[in-house]
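If you want the building blocks of each chain, they are given just below.
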Amino acid sequence: MKNKLLIIGASGHGKVVADIALEMGKWEKVAFLDDNPAVTSCLGLDVVGTSEDFKKFIDDYDFFVAIGDNDIRKKVYQKLESLSASIPVLIHPGAVVGREVLIECGTVLMAGVIVNCNTRIGKGCILNTGSTVDHDNLIGDFVHVSPGVHLAGTVIVGSGSWLGVGSVIKNNVSICEGIMIGAGAVVVNDIITAGVYVGVPVRRVK
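Quick summary incoming for the structure in this document. (Residues numbered from 1 in each chain as written. Predicted model: local features only at pLDDT ≥ 70, side-chain atom pairs only at ≥ 80, totals over all residues. Heavy atoms only, no water.)

**Describing the sheet that holds strand β2 (residues 29–33)**
Reading across the sheet, the three strands line up as β2-β1-β5 and stay open at both edges, with parallel pairing between neighbours. Looking at strand neighbours, the two that pair on one side only are β2 and β5 (62–65), the edges of this open sheet. Neighbour-to-neighbour, the strand axes of the sheet open up by a mean angle of 25°, direction not taken into account. Where strand β1 (residues 4–8) meets β5, four bridges bridge the pair, whose relative direction is parallel. Bridge pairing in β5 links L6 to F63. On top of the sheet, helix α3 (residues 70–82) reaches β1 and β5; it is set at about 165° to β5, its chief contact. (Pairing = 2+ DSSP bridges. Helix = DSSP H or I, 4+ residues; strand = E, 2+ residues; numbered from the N terminus. Axes fitted to C-alpha atoms, helices over the stretch in contact; angles between N-to-C directions. Contact = heavy atoms within 4.5 Å.)

Structural data, given as structure tokens:
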């Protein structure tokens, strides 16, 4: 771990990530990389280059990919990983993490998140504001759990999935990779076919 942090992405999501990093108080300097030339600062922190400039900072900074889109976040993360970049886990001080929880690099837990015991969360995930993940869950890599999502116990979420705001996943349910769950949807059975699912209970629409 370094004493400086570069956040890739200075949009709204990047702003929240920076706020968490500042609240954690582990870095003497926090700055951004962003590809929009009109953006020169975010949350009062400097934008010091574009996403292509990370190699210049690789020896001196930790890196965090603050991009909401799962596929883009994965591509940027893998570039950093290939260069052995230091990629931390960010956990808001207001999050609650139970015993025997494994959280892999590049994942962020935002304010009000609860993760209960014996859960594993993959790399590059977003657990957004106020979401809850109960015991014995398995969340794959590069999953986005939106604000207010609730996962009951023993849920499996495949890599690259997106759980829409306020959605609910029943206990003992498995969701395959690359699924998008609509806002407010309720999942009560396993999902084994990729696509977009909405409704109460969910149905596949795309």
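**A look at the pattern of salt bridges**
Applying the stated criterion to the full structure yields three salt bridges. The partner of E52 in a salt bridge is K79, and the shortest N-O contact between them spans 3.8 Å. Separated by 27 residues along the polypeptide, E52 in the loop between β4 (45–46) and α2 (54–57) and K79 in helix α3 bring together distant segments of the chain. K123 is the salt-bridge partner of E81, the closest N and O atoms lying 3.1 Å from each other. Separated by 42 residues along the polypeptide, E81 in helix α3 and K123 in the loop between β11 (120–121) and β12 (126–127) bring together distant segments of the chain. Residue classification places E81 among the partly exposed positions, given a relative accessible area of 37%. (Salt bridge = Lys/Arg side-chain N within 4 Å of Asp/Glu carboxyl O. Buried < 20%, exposed > 50% of the residue type's maximum accessible area, 1.4 Å probe, protein only.)

**Section: the pairing of β2**
Counting buried positions along β2 gives four out of five residues, so the element sits mostly inside the fold. Where β1 meets β2, five bridges bridge the pair, whose relative direction is parallel. Following the sheet pairing, L6 is matched in β2 by A31. In the classification by handedness, the crossover that spans β1, the intervening helix α1 (residues 12–24) and the parallel β2 is right-handed. (Right-handed = clockwise from strand over helix to strand, strands pointing away.)

**Here's the deal with the side chain of T119**
Secondary-structure assignment places T119 in the loop between β10 (114–115) and β11. Under the relative-accessibility criterion, T119 is labelled buried at 2%. Polar side-chain contacts of T119 include one of 3.2 Å to the backbone oxygen of N116. Polar contacts involving the side chain of T119 include one to the main-chain carbonyl oxygen of D134, which spans 2.9 Å. (Polar contact = N/O pair within 3.5 Å; in protein donor to acceptor, adjacent residues only side chain to side chain.)

From the geometry alone we can't say anything about function, so treat these as descriptive.
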